[in-house]
Structures are given as C-alpha cells and as structure tokens.
Amino acid sequence: CAGVIGIGLSMYYILPAVYYQPLTVFDQFKGIYRNLYKDHFTPLSKLLYSPWGYGAIGSLSEMSRQVGLVIWIVAALSLFVLAYKKLRSKVKLRSQDWIAAVFLISAVIAIFMMMKESHGVWRFIEAISPIDFPWRFLAVTTLSASVLAGWLLYWVKGKAQVLCIGVLLIAC
C-alpha cells in the first residue's frame, strides 16, 4: 500500500519525464549525459561544510552542498532520543516515534545517496541519471530534519524544550 502511494505521489515527476522524453535532446547526447552523475557526488567534507556559491558543480564558486549544522544536530538528537526511548523506556514506541524513525532513516539514506559510496546504486538506476543528480537528495535531508525537529520539540517538555529551541536557533 505504501509503495503504491509512493509511486502515485511521484507521478507528477515521472509522467512528464517519460511523456516529453522524445522532445528532449538527451537521446542525442546519451554518451555525454549517461555518466554525468559521477561528477556530482559530494564528499563528506562538503556535506559538513562548503562555502556558499552560485556556480555550477566543479566551478570556482560552486553551489554549497552542505547539509547544515542544524540538520546534523537534529539527526544526532533524534537518534539519541529514539535509542533512549527504545532501550530505557518500558513503554512501547508510539506511532509518532516510528514516523520519526522513518524520517531519520530517510535522512541517512539521502546522505548516503549523495556520496560516492552509493555509486553502485546509481549504476543500477542509470536510466534516470541523465535527469537526476546525487546532490538533489539535499531536499530530502531538509524535509526529514524539519519533521524530526518538530518531533523532538513535541517529545521534550518544559525547560528542556526552551533549551532545544534556543540551541536550534543559535545553530541557524
């Protein structure tokens, strides 16, 4: 059921790409674009920090592919809280906790897909590689971290909640 929903939600991207493919020039340049994704992997150092720029990948002022300090903090705190709740708590994990776990796993997979270590996966999905790049998974990390931040603030109460909000605001 979830797979059908996922495919249904992605149709806004897939259907136009398939329908308009004959009208594009990708077929003429298949050899050039086929391995273009290989130049767009992001090393861990650039995920941790990369200066802001507006240029193309590989240029002197290339765009930043930094995941962001807040996202790293939110992911680490979410992992800690989920592990704490699972190992220390006598209470079963609630549905909100499972949703948080799914978003945490999504963020980890997105970070993996941006790195060179995911090259085998990209070779497997090489058919879409001319129209997609590894750094586009930054959007997934942003969405996942937003949901996780909301979950963290929901889970933490009182003065700790104020402290978490302060830490996240300062990190921004």
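Every value quoted in this text rests on a predicted model; they were computed, and no experiment measured them. (Residues numbered from 1 in each chain as written. Predicted model: local features only at pLDDT ≥ 70, side-chain atom pairs only at ≥ 80, totals over all residues. Heavy atoms only, no water.)

J.: It is not clear to me how helix 5 (residues 95-114) should be interpreted in this structure. Could you clarify?
T.: Because an α-helix completes one turn every 3.6 residues, residues spaced three or four positions apart along the sequence face the same direction. Taking 1.5 Å of rise per residue, the 20 residues of helix 5 would be expected to cover 28 Å, and the 29 Å separating its terminal C-alpha atoms lies within 8% of that figure. Where helix 5 is concerned, the buried positions are Asp 97, Ala 100, Ala 101, Leu 104, Ala 107, Ala 110, Ile 111, Met 113 and Met 114. In this structure, the buried side of helix 5 is in contact with helix 3 (44-48), helix 4 (69-88), helix 6 (119-124) and helix 7 (138-155). (Helix = DSSP H or I, 4+ residues; strand = E, 2+ residues; numbered from the N terminus. Expected span 1.5 Å × (residues − 1). Buried < 20%, exposed > 50% of the residue type's maximum accessible area, 1.4 Å probe, protein only. Contact = heavy atoms within 4.5 Å.)

J.: Even after reading the chapter, I still don't get the packing of aromatic side chains, so can you show me in this structure?
T.: In this description, an aromatic ring pair is defined by two values, namely the gap between the centres and the angle between the planes. Enumeration according to the criterion identifies four aromatic pairs in this entry. Relative to Tyr 20, the ring of Tyr 19 has its centre 4.9 Å away and its plane inclined at 85 degrees; by these criteria the two rings are edge-to-face. Judged by centre distance (6.5 Å) and plane angle (20 degrees), the rings of Phe 80 and Tyr 84 are stacked. Taken together, the residues Phe 80 and Tyr 84, both in helix 4 and four residues apart, mark about one turn of the helix. A relative accessible area of 57% places Phe 80 in the exposed class. By relative accessible area, which is 41% here, Tyr 84 ends up partly exposed. Over the aromatic face of Trp 135 sits the side chain of Arg 136, whose NZ or CZ is 6.0 Å from the ring centroid. (Phe/Tyr/Trp six-rings, centres within 6.5 Å; stacked < 30°, edge-to-face > 60°. Lys NZ or Arg CZ within 6 Å of the ring centre and 35° of its normal.)

J.: Would you take a moment to explain the environment of Ile 165 for this structure?
T.: Looking at the element boundaries, Ile 165 is found in helix 8 (residues 159-171). Using a relative accessible area of 36% as the deciding quantity, one classes Ile 165 as partly exposed. The spacing of Ile 165 and Ala 149 is 16 residues in sequence and 9.3 Å in space, taken between C-alpha atoms.

J.: Would you mind showing me how to read the nonpolar core here?
T.: In globular proteins that are soluble, nonpolar side chains generally tend to be buried together. Counting 20 residues, the largest nonpolar core has Leu 47, Val 67, Val 74, Ile 111, Met 114 and Trp 151 as its most contacted members. Only helix 4, helix 5 and helix 7 provide two or more residues apiece to this core. The element that contributes the greatest number of residues to this core is helix 7, accounting for six residues. (Core = buried A, V, L, I, M, F, W, Y, C linked by side-chain atoms within 4.5 Å.)

J.: What exactly am I supposed to notice about the packing of helix 4 against helix 7 here?
T.: Running from N to C, helix 4 and helix 7 cross one another at 50 degrees; their axes reach a closest spacing of 9 Å. In terms of axis orientation, helix 4 runs oblique to helix 7. Read as a crossing pair, helix 4 and helix 7 show a hand that is left-handed. Along the contact surface, helix 4 presents Ile 71, Val 74, Leu 77, Ser 78, Val 81, Leu 82, Tyr 84 and Lys 85, while helix 7 presents Thr 141, Thr 142, Ala 145, Leu 148, Ala 149, Trp 151, Leu 152 and Trp 155. Its residues assigned to classes, the contact of helix 4 with helix 7 shows twelve nonpolar, three polar and one charged. (Axes fitted to C-alpha atoms, helices over the stretch in contact; angles between N-to-C directions. Parallel < 35°, antiparallel > 145°, perpendicular 65-115°, else oblique. Left-handed = near helix turned anticlockwise from the far one by under 90°. Nonpolar A, V, L, I, M, F, W, Y, C, P; charged D, E, K, R; others polar.)

J.: Got a minute to help me understand the confidence of the model for the chain in this structure?
T.: As a note on interpretation, predicted positions should not be read in detail where pLDDT is low. Residue-level pLDDT values for the chain average 81, and 89% of them are 70 or greater. For the chain, per-element mean pLDDT is lowest for helix 2 (residues 30-33), which scores 62, and highest for helix 5, which scores 91. (pLDDT = per-residue confidence, 0-100.)

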